[in-house]
Amino acid sequence: MPPVNTLSSLKCGSGAIVSALNTAGAMRRRLMDIGFAPGSPVRALFRSCSGDPVAYLIHDTVIALRSEDAAGILIESAAEP
Amino acid sequence: MGLTSSSVGSGAKNADGSLSRGENTRLIALAGNPNVGKSTLFNALTGMRQHTGNWPGKTVGSAYGTLRREGQNWIFADIPGTYSLMARSAEEAVARDLLLFGEADAVVVVCDATCLRRNLNLVLQILEICGDVIVCVNLLDEAARKGVSVNLEALSGLLGVPVLGMSAGRGSGIDALIPVLEQFKGVQPRSFCCSCEIERSIRPLIDYFDAYRPPLPPRWLAARVCEGDGSLMDSLHRHMGMDLDDEELCQARDAALSNLGELGIDSQRLSDISAQGISDSAGNICTQVISKIPRGTAREGKIDLLLTHKIWGWVAMLLLLAGALWLTISGANYPSQLLSRALFSLGDMLNSALTALGLPAWLTSLLCEGVYKTVAWVVAVMLPPMAIFFPLFTLMEDVGFLPRVAFNLDGFFKRCAACGKQSLTMCMGFGCNAAGVIGCRIIDSPRERLIAILTNSFVPCNGRFPTMIALITIFFAGNGAMSSIRSAVILTVLIVLGVAMTLACSKLLSCTILSGVPSSFTLELPPYRRPKVGEVIVRSIFDRTLFVLVRALKAAAPAGLIIWLLANVSLGGETILARCCELLDPAARLIGMDGAILLAFIVGIPANEIVIPVMLMCYLSGGSLMDYGSIAQLRGILLANGWSSVTALCVLIFSLMHWPCATTLMTIKKESGSLGYTVLAAALPTVCGIVLCALVNFAAHMLF
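Residues numbered from 1 in each chain as written. Chains lettered and ligands numbered in written order. Predicted model: local features only at pLDDT ≥ 70, side-chain atom pairs only at ≥ 80, totals over all residues. Heavy atoms only, no water.

Asks: Could you give me a rundown of the overall build of chain B, with the residues and numbers involved?
Replies: Per the secondary structure count, chain B includes 30 helices and 11 strands. The C-alpha atoms of chain B give a radius of gyration of 29 Å, which matches the 27 Å a tight globule of 704 residues would have. Taking the principal axes of the C-alpha coordinates as reference, chain B spans close to 90 × 55 × 55 Å. When the 704 residues of chain B are sorted by exposure, 56% land in the buried category. Entry remark: accessible area of chain B is about 28,200 Å², with carbon and sulfur atoms responsible for 62%. Each charge sign in chain B was given a centre, from 54 positive and 53 negative side chains, and these centres are 8 Å apart. (Helix = DSSP H or I, 4+ residues; strand = E, 2+ residues; numbered from the N terminus. Rg over C-alpha atoms; globule rule 2.2 N^0.38 Å. Buried < 20%, exposed > 50% of the residue type's maximum accessible area, 1.4 Å probe, protein only. Areas by Shrake-Rupley, 256 points an atom, 1.4 Å probe, with all protein chains shown as cover. Lys, Arg positive; Asp, Glu negative; His and termini not counted. Charge placed at Lys NZ, Arg CZ, Asp CG, Glu CD.)

And the structure:
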């Protein structure tokens, strides 16, 4: 089995597919509502001046997530980068 | 900077204010994701001027506007943007409650054509609770530029409700909305996520709600009760009188949950299933209605890479801030002089006119020296900087720069266990701290929201800006071509100090009375949009600048009157004003100021704009009344009253950090609901200001 990757480990400029959410409660629902539903393609764009958060492209929108929150999103490598 | 005449004036009614609906009136709610152009559409429909800006969370309260057309009255409600009916923040709860219980005759859901999928998520959620929905696909022009086109007819067919296309920013497509509303017939709410199995499991709850004939679909209610969203349950209780501890309800819920349990579904799994169901439906619909020609957005990407670069990002942000301040300072200088010269010669004419009318000398003096001069000063000093800074700031807002600032600063706020959106509320504080405090509703966590409210006044509002500009110009800028650049740099440093104090106090609060870990948060970075320059300038001058100026004058006129009285009524051979100044003097000396300055800050509680005029009245009341029309004369007066650079520095620091004005304090009381926090919000910056001023004063005495 390949190691489980989280969105926070995704390098800026590369893409992946959301495979599952590992958070609970309101934030879990929020992430799904703004597009981080399993099966969605996601791409890391750029990092904030202060190191965190990172901006992600998800369903044609740019959403910034802190590393703690991005760590709760599991990803698998995209079929094509 | 959302406080404008239209958002608080008589034209708008607040969500909690009463809204009378006469006969033949239909209420239409405008809903949608944040930053999709709801307010633009609202303004176009109602002719109102709800302020718009390119960042999510611009509209915090709901605004109402009316339209009368061919015998039919329409009321439009501009609801704060929300991603979902499952609210996370206070403003989203407002939006959700208005949609669930607002009894709108129809809901117009505004969507962003450039990211339709996420917008459809909300459309589908709303279709689950009500069928009276019209979908407006906005920003078609922007989508076209990105090579995205939307098949509106197919979308309407799939959703089963009318779909309109528009580009509200350019005004196209808006006219079609009213005819559609006129002939509109709703459909039944439907469900996008309940499988037969789940529906069978929650049947006991559905039956329970069926018997009560609730205003919402029983199946939807049943699913939400099983999911157990606390804030939603509170709203159901408040608006529907639903008794959550009702025995029958509890039994039905337990039965439903145990049925679900047999399927291996718990509350969270159920929530997942509904979210996933909606997301999949939205995805399916999108693949059927959207055609996309891939086109690079290379330029936008490059701007963001620069603005978020480890080094250049900071440089760019500081340069933009300093540049805006420099334009303000250098641009305001000359008009300020012209205005003051004109206003003071007008004052002389007024004086002689009143004397000629035979008014007693004391009354003429009261009106001219007291009321008129204070008002004239406020106009001359406040108006030019505001008229330049407001439009500049609005431009940055419209372009979409502010969310990038929040994005860049978030790392610091995280280390202070606060929310990155606090920078957005600080930006609003630049316009008016009261507006900034209201803006804190965009912060999800109540703890982080309180931190943002308590620290908002560390950002100098437009009432304090011009005071600071005047003092910097007099004491620190020097002469020559570089003087306005020097002033801008000094002001930038002071603002950075304010931001640093905000962070320090946020850290302090989250280590002490508001302790906790930073909560999760999501921040949308909207695409850059070309601002409508002409409109921005006109609107920000008429709506904001004049509104703020009038508010300042309302405080300035009575303050001028009171100070004149205090300066001219004697008790025991000494004027009351002089007595007050003497009384405050020892304390004020400790922090590098004098009694008159401290008194001016205290009298300035109604509006910070009047601090300098009040101070001057104190100085001038004692002796010869000289004219303080120009900056040079002001310098003379201040120097004659013992000011040094250290005094000026202390006054600058104290302007940045002291109690918020009365309007802000009242707003804090309302938003936090606690007198204790209001007192803390006043004490926190005051203590910081006093300590810093005392340190500066002490250091200066040691050095010189």
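Asks: Now, about the sheet that holds strand S6 (residues 73-77) of chain A: what can you tell me, with residues and values included?
Replies: Reading across the sheet, the seven strands line up as S1(A)-S6(A)-S2(A)-S3(A)-S4(A)-S5(A)-S9(B) and stay open at both edges, with antiparallel pairing between neighbours. Both edges of this open sheet fall to strand S1 (5-6) of chain A together with strand S9 (522-524) of chain B, since each of them pairs with a single strand only. The sheet contact formed by strand S4 (residues 54-58) of chain A and strand S5 (residues 61-65) of chain A spans five bridges and is antiparallel. What sits directly across from Ala55 of chain A, in S5 of chain A, is Ala64 of chain A. Seen against the sheet, helix H17 (residues 402-415) of chain B touches strand S3 (41-47), S4 and S5 of chain A together with S9 of chain B and runs at an angle of roughly 150° to S9 of chain B. (Pairing = 2+ DSSP bridges. Contact = heavy atoms within 4.5 Å. Axes fitted to C-alpha atoms, helices over the stretch in contact; angles between N-to-C directions.)

Asks: Account for helix H9 (residues 203-212) of chain B, naming residues and giving values.
Replies: Residues and elements named next belong to chain B. Listing the buried residues of H9 in full gives Leu205, Ile206, Tyr208 and Phe209. Around the axis of H9, the buried residues are gathered within 160° of arc, so they sit on the same side. Here the buried face of H9 lies against helix H8 (196-201), helix H10 (218-227) and helix H12 (247-262). Looking at the residues trailing H9, positive phi occurs at Arg213, about 45°. (Arc of directions from axis to C-beta.)

Asks: Before we move on, could you go through unusual backbone geometry and cite the residues and values that matter?
Replies: For the bond running from Asp52 of chain A to Pro53 of chain A, omega is -5°, close enough to zero to count as cis. By the secondary structure assignment, Pro53 of chain A is in the loop between S3 and S4. The phi dihedral of Leu139 of chain B is positive, around 60°, even though this residue is not glycine. Structurally, Leu139 of chain B can be placed in the loop between strand S5 (133-138) and helix H5 (140-145). In this structure, Ala417 of chain B takes a positive phi of about 55° despite not being glycine.

Asks: Kindly report on the packing of aromatic side chains, identifying the contributing residues and their values.
Replies: All names here are of chain B. Following the criterion strictly, the structure yields 11 aromatic pairs over all chains and no others. Here the aromatic rings of Trp314 and Phe412 are separated by 5.6 Å at their centres, their planes lie at 35°, and the arrangement is tilted. Taken together, the residues Trp314 in helix H15 (residues 312-356) and Phe412 in helix H17 connect sequence positions 98 residues apart. Under the relative-accessibility criterion, Trp314 is labelled partly exposed at 24%. Among the residues examined, Phe412 registers a relative accessible area of 30% and is labelled partly exposed. A centroid spacing of 5.7 Å and a plane angle of 85° characterise the contact between Phe654 and Trp659, whose relative ring orientation is edge-to-face. Accessibility expressed as a relative area gives 1% for Phe654, which makes it buried. Accessibility expressed as a relative area gives 16% for Trp659, which makes it buried. An aromatic cluster is present here, built from Phe389, Phe393, Phe430 and Phe465 joined pairwise through their rings. (Phe/Tyr/Trp six-rings, centres within 6.5 Å; stacked < 30°, edge-to-face > 60°.)

Asks: Can you break down the pairing of strand S2 (residues 63-69) of chain B residue by residue, with the values?
Replies: Side-chain positions along a regular strand alternate between the two faces of the sheet. Residues and elements named next belong to chain B. The pairing of S2 with strand S3 (residues 72-78) spans seven bridges and is antiparallel. Each residue of the ladder has a partner; that of Leu67, found in S3, is Trp74. Counting the residues in the hairpin turn of S2 and S3 gives two residues, including Glu70, whose phi is positive at 45°.

Asks: Explain the packing of helix H1 (residues 25-33) of chain A against helix H4 (residues 116-129) of chain B to me, using residue names and the numbers behind them.
Replies: Axis separation between H1 of chain A and H4 of chain B bottoms out at 9 Å; the angle between their running directions is 115°. For the element pair H1 of chain A / H4 of chain B, the angle class is roughly perpendicular. Mapping the contact onto sequence places Arg29, Met32 and Asp33 of chain A in H1 of chain A and Arg118, Asn121 and Gln125 of chain B in H4 of chain B. Grouping the amino acids of the contact of H1 of chain A with H4 of chain B by side-chain chemistry returns one nonpolar, two polar and three charged. (Parallel < 35°, antiparallel > 145°, perpendicular 65-115°, else oblique. Nonpolar A, V, L, I, M, F, W, Y, C, P; charged D, E, K, R; others polar.)

Asks: Lay out the confidence of the model for chain A in plain terms, naming residues and giving numbers.
Replies: With 93% of its residues at a pLDDT of 70 or more, chain A has an overall mean of 87. Mean pLDDT across the elements of chain A ranges from a minimum in H1 of chain A, with 85, to a maximum in S4 of chain A, with 93. (pLDDT = per-residue confidence, 0-100.)

Asks: Outline the interface of chain B and chain A, listing residues and values.
Replies: Listed per partner, the contact involves 48 residues of chain B and 35 residues of chain A. Roughly 3,400 Å² is buried in total at the junction of chain B and chain A, and carbon and sulfur atoms are behind 52% of that figure. Taken as a group, Phe407, Lys414 and Thr522 of chain B account for 17% of the area that chain B buries against chain A, more than any other trio of residues on that side. The interface formed by chain B and chain A contains six salt bridges. With a shortest N-O distance of 2.9 Å, Glu92 of chain B and Arg30 of chain A are connected by a salt bridge. Here chain B and chain A share 23 residue pairs in polar contact (both at pLDDT 80 or more) between them. The set of elements that each furnish at least two residues to the side of chain B that touches chain A consists of H4, helix H13 (267-289), helix H14 (298-307), H15, H17 and S9 of chain B. No other element matches H17 of chain B, which puts nine residues into the side of chain B that touches chain A. Partitioned by chemical class, the residues of the side of chain B that touches chain A number 17 nonpolar, 18 polar and 13 charged. By the bridge criterion, three bridges tie S5 of chain A to S9 of chain B in an arrangement that is antiparallel. Bridge assignment links Ile63 of chain A to a residue of S9 of chain B, and that residue is Glu524 of chain B. (Buried area = accessible area lost by both parts, 1.4 Å probe. Salt bridge = Lys/Arg side-chain N within 4 Å of Asp/Glu carboxyl O. Polar contact = N/O pair within 3.5 Å; in protein donor to acceptor, adjacent residues only side chain to side chain.)

Asks: Give a detailed account of H15 of chain B, specifying residues and quantitative values.
Replies: Residue and element names in this part refer to chain B. Look at H15: 64 Å from first C-alpha to last across 45 residues, which is about the 66 Å you get at 1.5 Å a residue. The largest bend along H15 measures about 35° and falls at Asn333, with the proline Pro335 one to four residues further on. Positive phi shows up at Gly358, right after H15, with a value of about 90°. (Expected span 1.5 Å × (residues − 1). Bend = angle between axes of the 7 residues up to and from the residue.)

Asks: So what about the domain arrangement of chain B? Which residues, and what values?
Replies: By the assigned domains, chain B splits into domain 1 (5-182), domain 2 (199-287) and domain 3 (312-519 + 531-703). For domain 2 of chain B versus domain 3 of chain B, the distance between C-alpha centres works out to 52 Å. (Domains from an automatic or database assignment.)

Asks: Lay out the environment of Ser77 of chain A in plain terms, naming residues and giving numbers.
Replies: Residues and elements named next belong to chain A. Topologically, Ser77 is positioned in strand S6. Relative accessible area serves as the criterion here: at 65%, Ser77 is assigned to the exposed category. Ser77 sits 62 residues away from Gly15 along the chain, and the two C-alpha atoms are 7.5 Å apart.

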